[in-house]
Amino acid sequence: MSGGPPGEPVSLAAVDPDAARPVPTGVAEMDRVLAGGLVPGSLTLVYGEPGVGKSTLLLQVLLASASSGRSALLASAEESTSQVRVRAARLGPIPPSLFVVGGADVTLVGEAVAAVHPDVVVADSVQALVDPEVSGVPGTLAQVRACADRLAQLARREGPAVVVVGHVTKEGGLAGPRALEHLVDTVLSFEGDRHHALRLLRAVKHRFGPTGEVGLFEMGEEGLRAVADPGPLLLGDRRPEVPGSAVSALLHGRRPLVVEIQALAYGAGRGSAARTAQGIDPRRLASLVAVLECRAGVVTASGELFVSATAGVRAVEPATDLPVSLAVASAAQGLALPADLISFGEIGLAGEVRQVPGADRRLAEAARLGFTRALVPASTAEGPAALALFRVGTLVEALDVAFGLTDRAGGDVPALATGTMPSWPNPAAIR
Ligand code: TYD
Ligand code: MG
């Protein structure tokens, strides 16, 4: 990876740039996220929640690498070698140049690398490994750090690309793998809900290239498959005529994803206010509900409110403020939004709708999927011809336009509309 022995200054111009050239893994979506592939001598951390598919993804990477003539080694500290064998058989033919070593001792990984000289090494997982020279049980911060450090040294010394798996929990689990970010060259996060098929792979840190690309996979019977068009997975079962459904165009890295946001308001007037958020930041939801009430007079506070992003997607960027607010208002009022409407925009505490990055990419994806109207921040530039833009400066305007479109469309107001009617529009609340 470097140009010259440690400690010896060399002219930067004389350093061989090809020493850090990525080698494709053969898993195309992974290579895309890595801007080409894994760099020999580097250490990559792949983290995600348990069950999301990290072991499957990396076994596929090893299988693909080994079947294209390189040698690959899996250090499996969590699963026995026979469990790995069973899983691998589901994923495809097993090339002879794929090796596996069991056991939790990180020094055994070094010995296996010295024996096999692999091009790619996967250590699964950093929480299950143990450095015998460090006290503490596996998974403690000191152990996790020591093991990652050993693997980084191994990569640098022996030259293989090393990938280490780390588990995080829904609550963040920051003390674990995230504490390793400074120790590694590349950090990939693997996201998705284990009960849904869609998985997102993205680079959080990458020393060898840009971090904007996102890989999309679908978990199936035979492992992870690349998803070329996530539209059907994300919107396939949508019921736009039901109140509480709004569609947003999110950006994950540079990649636009059109996602449904659903809200359900229940038990108004019982006095037990509660909110449940799935795939949406609960604190953000709380502030949006407050802004809806204080700036636009949409009251939900006396009942239970459920809000979720469908298909297990995390819709946590500020651009989802507007669709979340529309979904909540739609649910609270029992009025469905137009089926062909998408929206995006950040909402400030003053009830203003703010611009978000990548409007052009969001609009292009929405148009591709057949949406014809978009509710967007005031400064949004013209988008695809097939998409009529409705530019709004405030949440009140946005509600006006969105539900106004429903009325004008005629017949869109569903039988489900309950008549528990809204204080919105409530002029007193609109300042
Ligand atoms: P796994 O890769 O073990 O997750 P992680 O290492 O992140 O904990 O796999 C997660 C789930 O994926 C597991 O519950 C079984 C399922 N799965 C499939 O649906 N299809 C497959 O081909 C494989 C190998 C696993
Ligand atoms: Mg695993």
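Summary of the structure given here. (Residues numbered from 1 in each chain as written. Chains lettered and ligands numbered in written order. Predicted model: local features only at pLDDT ≥ 70, side-chain atom pairs only at ≥ 80, totals over all residues. Heavy atoms only, no water.)

## Remarks on the sheet that holds strand S14 (residues 341–343)
Then comes step 1: Spatial strand order, S12-S13-S11-S10-S14-S17-S18: 7 strands in an open sheet with mixed pairing. Two strands close off the open sheet at either side, each with one partner strand: strand S12 (274–278) and strand S18 (388–392). When the angles between neighbouring strand axes are averaged without regard to direction, this sheet yields 25°.
Then comes step 2: Sheet topology note: the strand S10 (residues 245–252)/S14 ladder contains 2 bridges and is parallel. (Pairing = 2+ DSSP bridges. Helix = DSSP H or I, 4+ residues; strand = E, 2+ residues; numbered from the N terminus. Axes fitted to C-alpha atoms, helices over the stretch in contact; angles between N-to-C directions.)

## Quick look at the site of ligand 1
Then comes step 1: Around ligand 1, a shell composed of 15 residues is seen, among which Gly51, Ser55, Thr56, Gly220 and Gly223 lie nearest.
Then comes step 2: Between ligand 1 and Arg90, the relevant distance is 3.2 Å, taken from a nitrogen atom to a side-chain nitrogen or oxygen of the residue.
Then comes step 3: In the complex, 75% of the free accessible area of ligand 1, which totals 560 Å², lies under the protein chains.
Then comes step 4: At the level of secondary structure, the elements contributing two or more residues to the shell around ligand 1 comprise helix H2 (54–67), helix H3 (81–91) and strand S8 (214–220).
Then comes step 5: No other element matches the 3 residues that H2 contributes to the shell around ligand 1.
Then comes step 6: Residue composition of the shell around ligand 1, grouped by class: 3 nonpolar, 6 polar and 6 charged. (Near = heavy atom within 4 Å. Polar contact = N/O pair within 3.5 Å; in protein donor to acceptor, adjacent residues only side chain to side chain. Areas by Shrake-Rupley, 256 points an atom, 1.4 Å probe, with all protein chains shown as cover. Nonpolar A, V, L, I, M, F, W, Y, C, P; charged D, E, K, R; others polar.)

## Thoughts on the nonpolar core
Then comes step 1: Core analysis: the largest hydrophobic core is formed by 65 residues, its most contacted members being Val307, Phe344 and Leu399.
Then comes step 2: With 8 residues, helix H8 (residues 321–333) is the single largest residue contributor to this core.
Then comes step 3: Lining this core are residues from two domains, each supplying at least three of them: domain 1 (12–228) and domain 2 (233–429).
Then comes step 4: Core analysis: the second largest hydrophobic core is formed by 32 residues, Leu63, Val122, Val163 and Phe190 among them. (Core = buried A, V, L, I, M, F, W, Y, C linked by side-chain atoms within 4.5 Å. Buried < 20%, exposed > 50% of the residue type's maximum accessible area, 1.4 Å probe, protein only. Domains from an automatic or database assignment.)

## Regarding the sheet that holds strand S3 (residues 98–102)
Then comes step 1: One open sheet holds the 9 strands; their spatial order is S3-S2-S4-S5-S1-S6-S7-S8-S9, and the pairing between them is mixed. Two strands close off the open sheet at either side, each with one partner strand: S3 and strand S9 (223–226). Taken pair by pair, the neighbouring strands of this sheet meet at an average axis angle of 25°, ignoring direction.
Then comes step 2: Sheet topology places strand S7 (residues 198–206) next to S8; 5 bridges connect them, and they run antiparallel. Residue pairing in the sheet places Leu198 in a bridge with Glu218 of S8.
Then comes step 3: Packed on one face of the sheet, H3 meets strand S2 (72–76), S3 and S9 and runs near 150° to S3. (Contact = heavy atoms within 4.5 Å.)

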